[in-house]
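A look at the structure
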Amino acid sequence: MTARVLVLYTGGTIGMVPSEQGYVPCPGFDGRLREELGERAAELPEYDLVEFDQLIDSANLTPAHWTRIVQMLEKRWHEYDGFVVLHGTDTMAYTASALSFLLRGCDRPVIITGSQIPLSQLRNDGVDNLVTALLLAADRRITEVCVCFNGRLLRGNRARKVRTSGFDAFDSPNVPWLGQVGIDIELQEDLLLPPGTPDFLQPDFDPAAVVMLPVFPGMPARLLEAAWNAPGVRGLVLQSYGVGNPPDADEAWMASLERACNQGVTVINISQCQQGAVCQGVYATGAALNRLGVVAGADLTPEAAFAKLHVLLTQHREPQAVRQALAQVLCGEQN
Ligand SMILES: NC(=O)C[C@H](N)C(=O)O
C-alpha cells in the first residue's frame, strides 16, 4: 500500500509570486506544483493539497494560526499517513515549536518546510525541499513534528532560522540533526521520539499573554515594567546573558522583575547565546533569579520557550502550575 500525505499550504515564499511590492502569497499552489513536478509526481507518495483561506507571509503569523493548523490536520488525521506543512521561513521555528506542543501524542510524521526562493522562479530551493518533505512524511519511523530544509531533518522545537538568505537557513544549534539527505536519506533513528496516542490541543490563544524581551546593557527598568505590566500579559520570556545572567546590580530593574513574579507573571529565563544552556547559580547575578522564582529555561530556543509558555498558559491558570509544567521536558524541546 502506498503512503498518502496531506500537504497544507499556509503561505510563505515557496508559493509566492512577484508583485510590484515584492513577493506575495498566491492561492492555487496545487496546480502550480503539479505543473512543476510533471511526471515526477508519479514517483512521489500520493498527496492531496489544501491551503489556508487567507495565505500569509509568515511575518504576519499569530498564535491563532497555530490552532488553525492543528484544526486542519486533526480533521484529516486518520485519512493520511503523514503531513507536510508549507510555511514561511521567517516564523517557521515558532510554528514548528508550537505544533510540537499542540499535537500531543503525535503518531505520524509532520514535516514543516518552505523555501528561500519561490517555486515560481527558475532557480529555487522549493522543489527540493518539498520533494524531500513528501518522502519523509511517508516514513512511518518519524512520529513527531520536524523541520526539513536543505537536506536537514531537524526536531521542530529545536530548529532555528540561522541565515537570512542561504539555502541552509535552518539548524538546531543545541542538538544533532535527526536526519540528513544526500544520495540516501539517513535517519538518526535512536534520536527520534517514540509514537504516542493523539490527544491534540486546540486552544483559544490570547496573543497578548506572552512577551519576550532581550536584556541589553543599560536597559531601563521602566521598559521591563512596561513589558510585563501590559494588559493581558501572564508570561515573560527573558533573554539574558550567557548562562542566564541579568543586570542584578540595577536595583530598580530587579525590583520590577520581582514584582512581575509576585503578581503572577510566569518568567522563563533563556540565554542570548546560540548554543548552550542556562544555569542560574553559576554567577551571583544569575542566582538572584532563583530567589524570585524565575524558571531556568535550560537550552530552549527562544522560539520554543515562547511557544511552550503560550501553550502552557492556555492549560493552567495558576502561575505555580505553569512554572512546574515549564520545567518538564514535554517532547524533546530541552535537555
Ligand atoms: N522565505 C520565506 O518564506 C520568507 C517569508 N517572508 C515568509 O516567512 O513567509
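Remember, it's a predicted structure, so these values are computed and weren't measured experimentally.

Thresholds applied
- Numbers given to residues run from 1 along each chain, matching the order in which its sequence is written.
- Given that this is a predicted model, residues contribute local features only at a pLDDT of at least 70 and side-chain atom pairs are listed and counted only at 80 or more, while totals for whole chains, interfaces and linings are drawn from all residues.
- To obtain the side-chain values, all non-hydrogen atoms of the structure were used and water was disregarded.
- UniProt positions are given in the numbering used here, feature names are shortened, and annotations may be inferred rather than shown by experiment.
- Secondary structure counts use DSSP, requiring at least four H or I residues in a row for a helix and at least two E residues in a row for a strand, with both numbered from the N terminus.
- Buried residues are those whose accessible area, probed at 1.4 Å on protein chains only, stays under 20% of the maximum for their type, while exposed residues exceed 50% and partly exposed ones sit between those limits.
- Paired strands are those between which DSSP finds at least two bridges.
- Segment limits for the domains were obtained from an automatic or database-derived domain assignment.
- Throughout, a residue-residue contact means that at least one pair of heavy atoms, one from each residue, lies within 4.5 Å.
- As used here, buried area is the combined drop in accessible area, with a 1.4 Å probe, of two parts when they are placed together.
- Think of a salt bridge as a Lys or Arg side-chain nitrogen and an Asp or Glu carboxyl oxygen that are within 4 Å of each other.
- Between N or O atoms, a polar contact is any pair within 3.5 Å; within protein, one atom must be a potential hydrogen donor and the other a potential acceptor, and residues adjacent in sequence are included only when both atoms are from side chains.
- Any residue with a non-hydrogen atom lying within 4 Å of a molecule or strand is treated as near it.
- Exposure was quantified through the Shrake-Rupley algorithm and a 1.4 Å probe, taking into account, for residues, occlusion by the shown protein chains and nothing else.
- All residues other than Ala, Val, Leu, Ile, Met, Phe, Trp, Tyr, Cys, Pro, Asp, Glu, Lys and Arg, Gly among them, are scored as polar; the first ten of these are nonpolar and the last four charged.
- Each nonpolar core is a collection of buried residues, namely Ala, Val, Leu, Ile, Met, Phe, Trp, Tyr and Cys, held together in the definition by side-chain atoms within 4.5 Å.

Quick word on the UniProt feature "active site" (unreviewed entry) in the protein
Following the UniProt record, one finds the feature "active site" (unreviewed entry) at Thr-13 and Thr-89. Spatially, the listed residues are clustered: although they cover 77 residues, their C-alpha atoms lie within 7.7 Å of one another. With respect to the element layout, Thr-89 can be found in the loop between strand E5 (82–86) and helix H3 (92–102). Exposure remark for Thr-89: the relative accessible area of 5% places this residue in the buried category.

Here's the deal with the sheet that holds strand E14 (residues 235–240)
With parallel pairing, 4 strands are arranged side by side in an open sheet as E13-E14-E15-E16. On the outer flanks of this sheet lie strand E13 (210–214) and strand E16 (295–296), each paired with one strand and no other. One ladder, built from 2 bridges, connects strand E15 (residues 266–271) with E16; its direction is parallel. What sits directly across from Asn-269, in E16, is Ala-296.

Concerning the domain arrangement of the protein
Per the domain assignment, the segments making up the protein are domain 1 (4–191) and domain 2 (210–327). At the interface, 15 residues of domain 1 touch 15 residues of domain 2. Taken together, both faces of the contact between domain 1 and domain 2 bury some 1,400 Å²; the carbon and sulfur share is 57%. For the pair domain 1 and domain 2, the number of links is 2 salt bridges. The shortest N-O distance in the salt bridge between Arg-160 and Glu-303 comes to 3.0 Å. Here domain 1 and domain 2 share 5 residue pairs in polar contact (both at pLDDT 80 or more) between them.

A few points about the site of the ligand
Lining the immediate surroundings of the ligand are Gly-12, Thr-13, Met-16, Asp-57, Ser-58, Gly-88, Thr-89, Asp-90, Ser-115 and Gln-116. Within the side chain of Asp-57, a nitrogen or oxygen atom sits 2.9 Å from a nitrogen atom of the ligand. One of the side-chain nitrogen or oxygen atoms of Ser-58 is found 2.5 Å away from an oxygen atom of the ligand. Against a free-state accessible area of 270 Å², the protein chains account for coverage of 90% of the ligand. Counted by class, the shell around the ligand contains 1 nonpolar, 7 polar and 2 charged residues.

Remarks on the nonpolar core
With 82 residues, the main nonpolar core has Phe-29, Leu-73, Val-84, Val-110, Ile-111, Val-147 and Leu-153 as its most contacted residues. Take this core: its biggest share by element is 8 residues, from helix H8 (residues 302–315). Each of domain 1 (4–191) and domain 2 (210–327) accounts for three or more of the residues forming this core. In this structure, Leu-73 is in contact with Leu-8, Phe-83, Val-85, Leu-103 and Val-110, ignoring residues within four places of it in sequence.

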